[in-house]
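Observations on the three-dimensional arrangement
One letter stands for each residue in the lines below.
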Amino acid sequence: MAINTGVNETGSSSLFLPEVATLIDKREMTDVDSFFTFKLKNRPLGHRYGQFVELSIPGIGEAPFSISSPPTDDHTFEMVIRKVGQVTAAIHSLSPGDVVGIRGPFGTSFPMEDLKGSSLLFVTGGIGLVPARSAILYALNNRGAYKDITILFGCRDPGQRLFTDELAAWSTREDITFMETVDKCEDGTWDGHVGVITTLFPNLKAIDPTDTYAIIVGPPVMYKFVIMSLHDMEISDKRIIVSLERNMKCGVGKCGHCQINNLYVCQDGPVFYYDDIKLLKEAI
Ligand SMILES: Cc1cc2nc3c(=O)[nH]c(=O)nc-3n(C[C@H](O)[C@H](O)[C@H](O)COP(=O)(O)OP(=O)(O)OC[C@H]3O[C@@H](n4cnc5c(N)ncnc54)[C@H](O)[C@@H]3O)c2cc1C
Ligand code: FES
């Protein structure tokens, strides 16, 4: 099964020319993560689940960020941005009404249409929930199109939990399985599961490995251990879908910053079937 490519479907006259987007809404999620809603002036973003955009702040720089919302018709799209350096600090200092530059959407996407009729197992870690959320919301909005839906979320500590209202809503739904964990909690503010995300796997109800696709998005260290657990469950590499993050500049396969051997993660990815990249050194 091929992963969809999104390059050259931007609607922009140039892949390198940013379009103006206005900040509509901004909310703090954790001490370092904030939620942003942007709106393009002239068109819907036209993205698919798991794609990213290049966001620029004039005079500061440009950086890639995933889209966290499913596609909408009203020209808005959502992102969660972690403050780690210059560009992200500048984005955090924006106020509603301020404008930024947007190029994209770019990259491959979670093949949600192709997965219809199967069961889905989302394994998300930390800020990996951000791109996965676009696919999760699509699957939940089209609940009848999929068999079992299981969502696992793990983060470092309770203060790093994202989309807490949505996590609470997922935990009460009877038509899906939702489990979450934190790596550690030293202040007694968490009475849920403690341990890395793979410690949730023994609590999963039986999963049919011949009928389930696993979608993994999280920090690099997570992939190897999650994939080992999926192999223990006899889920084949052709049924494992990963989203990889690499340092990117151009986002369109020209600069080589994101290259792994002959692959450009910005263009051939970030979403891959694990089977297609498992032999590439440094991919996982
Ligand atoms: C496809 C893709 C999707 C992304 N989606 C999101 C998202 O939804 N939300 C979000 O907050 N961030 C996301 N990122 C990471 C984001 O692009 C970086 O945090 C950003 O480029 C940092 O820019 P800066 O100028 O603020 O920091 P810099 O000053 O450039 O760097 C600060 C620190 O962050 C590290 N860093 C910079 N870029 C990356 C990177 N790509 N991956 C890991 N570490 C990096 C640097 O090594 C340095 O330690 C994504 C990256 C990619 C490639
Ligand atoms: S970011 Fe430039 S080639 Fe991928």
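Residues numbered from 1 in each chain as written. Chains lettered and ligands numbered in written order. Predicted model: local features only at pLDDT ≥ 70, side-chain atom pairs only at ≥ 80, totals over all residues. Heavy atoms only, no water.

A look at the pattern of salt bridges
Which entries qualify depends on this criterion: The salt bridge criterion pairs a side-chain nitrogen of Lys or Arg with a carboxyl oxygen of Asp or Glu, the two atoms within 4 Å. Relative accessible area decides the class of each residue, using a 1.4 Å probe on protein chains only: under 20% of the type maximum gives buried, over 50% gives exposed, and in between gives partly exposed. Helix and strand assignments follow DSSP, with helices taken as H or I runs no shorter than four residues and strands as E runs no shorter than two, numbered in order from the N terminus.
Following the criterion strictly, the structure yields 14 salt bridges and no others. Across the pair R27 and D25 runs a salt bridge, and its minimum N-O distance is 3.4 Å. Judged by relative accessible area, which is 45%, R27 ranks as partly exposed. D25 gets classed as partly exposed once you look at its relative accessible area, which sits at 27%. Its salt-bridge partner being E166, residue R133 comes within 2.8 Å of it at the nearest N-O pair. Highlighted residues: R133 in helix α2 (residues 129-141) and E166 in helix α3 (residues 164-172), separated in sequence by 33 residues. Note on E166: relative accessible area 22%, which makes it partly exposed. One salt-bridge network, in which partners are shared between bridges, spans D237, K238, D275 and K278.

Some points on the pairing of strand β8 (residues 149-155)
For a regular strand, side-chain orientation follows a simple rule: the groups alternate between the two sheet faces. Stated precisely, the cut-off is as follows: Two strands qualify as a pair provided DSSP detects at least 2 bridges between them. Seen with its strands pointing away from the viewer, a crossover is right-handed when the path leading from the first strand over the helix to the second is clockwise.
Within β8, seven of the seven residues are buried, leaving the element largely enclosed by the surrounding structure. Because side chains alternate across β8, one face comprises the buried residues I149, I151, F153 and C155, and the other comprises T150, L152 and G154, equally buried. Strand direction decides the pairing type here: strand β7 (residues 119-125) and β8, joined by six bridges, are parallel. Looking at β8, one finds that G125 is bridged to G154. As paired elements, β8 and strand β9 (residues 177-182) share six bridges and run parallel to each other. Considered in β9, the bridge of G154 is made with T181. Between the parallel pair β8 and β9, the chain is carried across by α3, and the sense of this crossover is right-handed.

Observations concerning the sheet that holds strand β3 (residues 52-57)
Quick reminder of the rule: Fitted lines through C-alpha atoms give the axes, limited to the stretch in contact for helices. The angle between two N-to-C directions lies from 0 to 180 degrees.
Across the sheet, which stays open at both edges, the six strands sit in the order β4-β3-β6-β1-β2-β5 with antiparallel pairing between neighbours. One side of each edge strand has no neighbouring strand; the edge strands of this open sheet are β4 (61-66) and β5 (76-82). In this sheet, neighbouring strand axes are inclined to one another by 40 degrees on average, regardless of whether the strands run parallel or antiparallel. In this sheet, strand β2 (residues 33-40) lies alongside strand β1 (residues 19-28) in antiparallel orientation, the contact comprising seven bridges. Within β2, the residue paired with R27 across the bridge is F35.

Comments concerning the nonpolar core
Where we set the bar: Take the buried residues of types Ala, Val, Leu, Ile, Met, Phe, Trp, Tyr and Cys, join any two whose side-chain atoms come within 4.5 Å, and each joined set is a nonpolar core. We call two residues in contact when some of their heavy atoms are within 4.5 Å.
In this structure, M112, W170 and I216 are the most contacted members of the largest nonpolar core, which totals 70 residues. Looking at this core, the element that brings in the most residues is α2, giving nine residues. If we skip the residues at most four places from it in the chain, W170 touches L129, I136, L137, L140, I151, I176 and F178. If you look at the next biggest cluster of nonpolar residues, it comprises 21 residues, including F77, M79, I91 and V100.

Quick look at the packing of aromatic side chains
What counts here: Paired rings are identified among Phe, Tyr and Trp, the last through its six-membered ring, by centres lying within 6.5 Å, and are further divided according to the angle between planes into stacked (under 30 degrees), edge-to-face (over 60) and tilted (the rest). Put simply, a charge is over a ring when the Lys NZ or the Arg CZ is close to the ring centre, within 6 Å, and near the line of the ring normal, within 35 degrees.
Inspection of the entire model under this criterion finds six aromatic pairs. Clustering of aromatic rings is evident, with ring pairs tying together F36, F38 and F77. Seen from the ring of Y213, R239 lies directly overhead, with NZ or CZ sitting 4.5 Å from the centre.

Overview of the site of ligand 1
Note the cut-off: Nearness of a residue to a molecule or strand requires only that one of the residue's heavy atoms be within 4 Å of it. The term polar contact refers here to a pair of N or O atoms within 3.5 Å; inside protein, the definition further demands a hydrogen-donor-capable atom paired with an acceptor-capable atom, and it admits residues adjacent in sequence only when both atoms are side-chain atoms. In this description, accessible areas are obtained by the Shrake-Rupley approach with a 1.4 Å probe, and a residue is regarded as covered only by the protein chains that are shown. All amino acids are sorted into three groups, where Ala, Val, Leu, Ile, Met, Phe, Trp, Tyr, Cys and Pro are nonpolar, Asp, Glu, Lys and Arg are charged, and the leftover types, Gly among them, are polar.
If you check the shell around ligand 1, you find 19 residues, and the closest are P64, V80, R82, T88 and R246. The backbone of R82 places a nitrogen or oxygen atom 2.7 Å from an oxygen atom of ligand 1. At a separation of 3.2 Å, an oxygen atom of ligand 1 approaches a polar backbone atom of G85. When isolated, ligand 1 has an accessible area of 870 Å², and the protein chains bury 68% of it. Contributing elements (two or more residues each) for the shell around ligand 1: β4, β5 and α1 (86-92). Per-class residue counts for the shell around ligand 1 are 11 nonpolar, five polar and three charged.

Let's talk about helix α4 (residues 220-232)
Note the cut-off: Summarising the geometry, the arc corresponds to the directions from the helix axis toward the C-beta atoms.
Taken as a whole, α4 has its buried residues at M222, Y223, V226, I227, S229 and L230. Buried residues in α4, looked at end-on, bunch into an arc of 160 degrees, giving them a common side. Set apart from the buried face of α4 by more than 90 degrees, the exposed residues are V221, K224 and D232. Just past α4, the residue E234 takes up positive phi, approximately 65 degrees.

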